[in-house]
Amino acid sequence: MNPLDKIQAPITEELASFSVMFEQAMSHENPILHQALVHMRQRLGKMMRPILVILSARMVGRCTQEVLHAAVALELLHTASLVHDDVVDESERRRGQASVNARFGNKVAVLVGDYVLSMALEHAACTRSTRVVELVANLGQTLADGELLQLYNTQSDIIDEKSYYSVIRKKTASLFAACSQIGAILAGAGDDDVERLRQIGQITGTCFQLRDDIFDYDDKHDVGKPAGNDMKEGKLTLPAIHAVLRGDNPEMKALALKIRRQQASLSDIQRMVDYTRQQDGIAYAEWAMQEFQYMAAGLIPEEWNPDIAKALHSYIDYVAGRVV
């Protein structure tokens, strides 16, 4: 059985309803906006975040229309952040196809991102929960804060794991945390249960980003972005950070800073990739990711809803083990 099928099996009806609602949100009569939204819908992700919203709600209660609106809101917010991030990073590819900015230009990309963001807030309001609206609004601020922190780090001479985890906590883990937290809130969970599910989401999101960063060294699978792309954008992720710190080589630290400032050549980047492998940077990141995987799995309360607990375990395993 496809791993995603195992995850989705207990929530197929909810996911079908979500898909209808999300497709409606990603449609418009404006010709330019329509073209851009159709382009984005051609290569949507696996909807891991909406799945987490629904699983979290089902873990403690029912999946209502309000839960579905929240799932749409969070996926739209995620989509808008990707469009804006691609403009900031001047990325030409997203999920294996041309990015919105590469296909339509920066002006259209920014406006499309703004439109999708406004739709996210509209769906958040449809939950009729001021707490959810506040969490979605705060999440938008956190995602932007994470992007700005990442830009700030490109000018820093400090290379450490703390800075790296600060960025991914804001840019990735916060979104997963909000998904599980909001799903639990709208299903009527108590504060302790909401907090436990929020922690599961946050840790799983960290695991997700670590796997994504490991992909940057993958030349065997089509992961939707060129190998070495993170370094081309000036991003030093955990494998390279570990290699630089472990090797304690001034020359390689200087090269890492050169990469961070986007002053490195392709041969420089390949040299850092080779050094990262030599210093077991990828193996270290795999170990760290597995530690987060075990932490998230250990927080799942098996007695709440056994079928959903099993799906949530499969979800975490998929996040850590996916190859694309």
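Residues numbered from 1 in each chain as written. Predicted model: local features only at pLDDT ≥ 70, side-chain atom pairs only at ≥ 80, totals over all residues. Heavy atoms only, no water.

Engineer: How do you make sense of the overall build of the chain when you look at a structure like this?
Structural biologist: Helix and strand content of the chain: 16 helices and two strands. Scaling as 2.2 N^0.38, a compact globule of 324 residues should have a C-alpha radius of gyration of about 20 Å, and the chain matches this with 20 Å. With the C-alpha coordinates of the chain rotated into their principal frame, the extents come out at 55 × 50 × 35 Å. Out of the 324 residues in the chain, the part that is buried amounts to 53%. (Helix = DSSP H or I, 4+ residues; strand = E, 2+ residues; numbered from the N terminus. Rg over C-alpha atoms; globule rule 2.2 N^0.38 Å. Buried < 20%, exposed > 50% of the residue type's maximum accessible area, 1.4 Å probe, protein only.)

Engineer: Please clarify how the nonpolar core should be interpreted in this entry.
Structural biologist: In summary, soluble globular proteins display a tendency toward joint burial of nonpolar side chains. Membership of the largest hydrophobic core comes to 103 residues, with the highest contact counts inside it found for Leu55, Leu74, Leu76, Met272 and Tyr315. Ranked by residue count, the leading element in this core is helix α5 (residues 65-89), at twelve residues. Among residues more than four places away in sequence, those in contact with Met272 are Met231, Val244, Met252, Leu255, Ala256 and Ile259. (Core = buried A, V, L, I, M, F, W, Y, C linked by side-chain atoms within 4.5 Å. Contact = heavy atoms within 4.5 Å.)

Engineer: Just checking my understanding: could you explain helix α9 (residues 161-186) for this structure?
Structural biologist: Given 3.6 residues per helical turn, the α-helix brings residues three or four places apart onto the same face. Here α9 is 26 residues long and its end C-alpha atoms lie 35 Å apart, about the 38 Å a rise of 1.5 Å per residue gives. The largest bend in α9 is about 50°, located at Ala173. Of all 26 residues in α9, 19 are buried; the element is thus mostly enclosed. Looking at the residues trailing α9, positive phi occurs at Gly188, about 90°. (Expected span 1.5 Å × (residues − 1). Bend = angle between axes of the 7 residues up to and from the residue.)

Engineer: Help me understand the side chain of Gln279, please; the structure alone is not making it clear to me.
Structural biologist: Tracing the sequence through the fold places Gln279 in the loop between α14 (266-278) and α15 (281-298). When its relative accessible area of 14% is taken as the criterion, Gln279 is described as buried. Setting aside chain neighbours within four positions, we find Gln279 in contact with His242, Ala243, Arg246 and Gly247.

Engineer: Honestly, unusual backbone geometry in this entry has me stumped. Any pointers?
Structural biologist: Phi is mostly negative for residues that are not glycine, and the peptide bonds are mostly trans. Not every positive phi belongs to a glycine, and Met47 is a case in point at roughly 60°. Relative to the helices and strands, Met47 resides in the loop between α3 (31-41) and α4 (48-60). Notably, Arg128 is not glycine yet its phi reads approximately 60°, a positive angle. Mapped onto the fold, Arg128 is located in the loop between α7 (106-125) and α8 (130-153). A residue is classified by how much of its surface remains accessible, and Arg128, at 69% relative accessible area, is exposed.

Engineer: Help me out: how do you make sense of the packing of α4 against helix α16 (residues 306-321) in this one?
Structural biologist: Packing of α4 against α16 leaves a shortest axis separation of 10 Å and a crossing angle of 155°. The orientation of α4 relative to α16 falls into the category roughly antiparallel. Note on packing geometry: the crossing formed by α4 with α16 is left-handed. Across from Met48, Arg49, Ile51, Leu52, Leu55, Arg58 and Met59 in α4, the residues of α16 making contact are Ile308, Ala309, Ala311, Leu312, Tyr315, Tyr318 and Val319. Looking at the contact of α4 with α16 residue by residue, the class counts come to twelve nonpolar, no polar and two charged. (Axes fitted to C-alpha atoms, helices over the stretch in contact; angles between N-to-C directions. Parallel < 35°, antiparallel > 145°, perpendicular 65-115°, else oblique. Left-handed = near helix turned anticlockwise from the far one by under 90°. Nonpolar A, V, L, I, M, F, W, Y, C, P; charged D, E, K, R; others polar.)

Engineer: Even after reading the chapter, I still don't get the packing of aromatic side chains, so can you show me in this structure?
Structural biologist: Centre distance and the angle of the planes are the two values used to describe a pair of aromatic rings. Scanning the model with the defined rule gives five aromatic pairs in all. Ring centres of Phe18 and Phe22 lie 5.6 Å apart, and the angle between their planes is 20°; on these two criteria the pair is classed as stacked. Here the residue Phe18 and the residue Phe22 both occupy positions in helix α2 (residues 12-25), the gap between them amounting to four residues, near one helical turn. When sorted by exposure, Phe18 lands in the same class as Phe22, which is buried. Aromatic rings pair up to connect Tyr164, Tyr165 and Phe292 into one cluster. In this structure, Arg49 packs its charged tip against the face of Phe208, placed 5.1 Å from the ring centre. Positioned above the aromatic ring of Phe104 is the side chain of Arg103, whose terminal nitrogen or guanidinium carbon lies 4.6 Å from the ring centre. (Phe/Tyr/Trp six-rings, centres within 6.5 Å; stacked < 30°, edge-to-face > 60°. Lys NZ or Arg CZ within 6 Å of the ring centre and 35° of its normal.)

Engineer: How do you make sense of the packing of α2 against α5 when you look at a structure like this?
Structural biologist: Helix-helix packing is described using two parameters, namely the angle between the two axes and the distance between the axes. Taken N-terminus to C-terminus, the directions of α2 and α5 make an angle of 50°; their axes are 9 Å apart at the nearest point. Considered as vectors, α2 and α5 are oriented oblique to each other. Classified by chirality, the crossing of α5 by α2 is right-handed. Of the residues in α5, those touching α2 at Glu14, Ser17, Phe18, Met21, Phe22 and Ala25 are Gln65, Leu68, His69, Ala71, Val72, Glu75, Leu76 and Thr79.

Engineer: How should I be thinking about the pattern of salt bridges in this particular structure?
Structural biologist: When their charged atoms lie close together, side chains carrying opposite charge are able to pair. In this structure the tally under the stated criterion is twelve salt bridges. Ionic contacts of the salt-bridge type, sharing partners, join the residues Asp85, Glu147 and Lys171 into one network. (Salt bridge = Lys/Arg side-chain N within 4 Å of Asp/Glu carboxyl O.)

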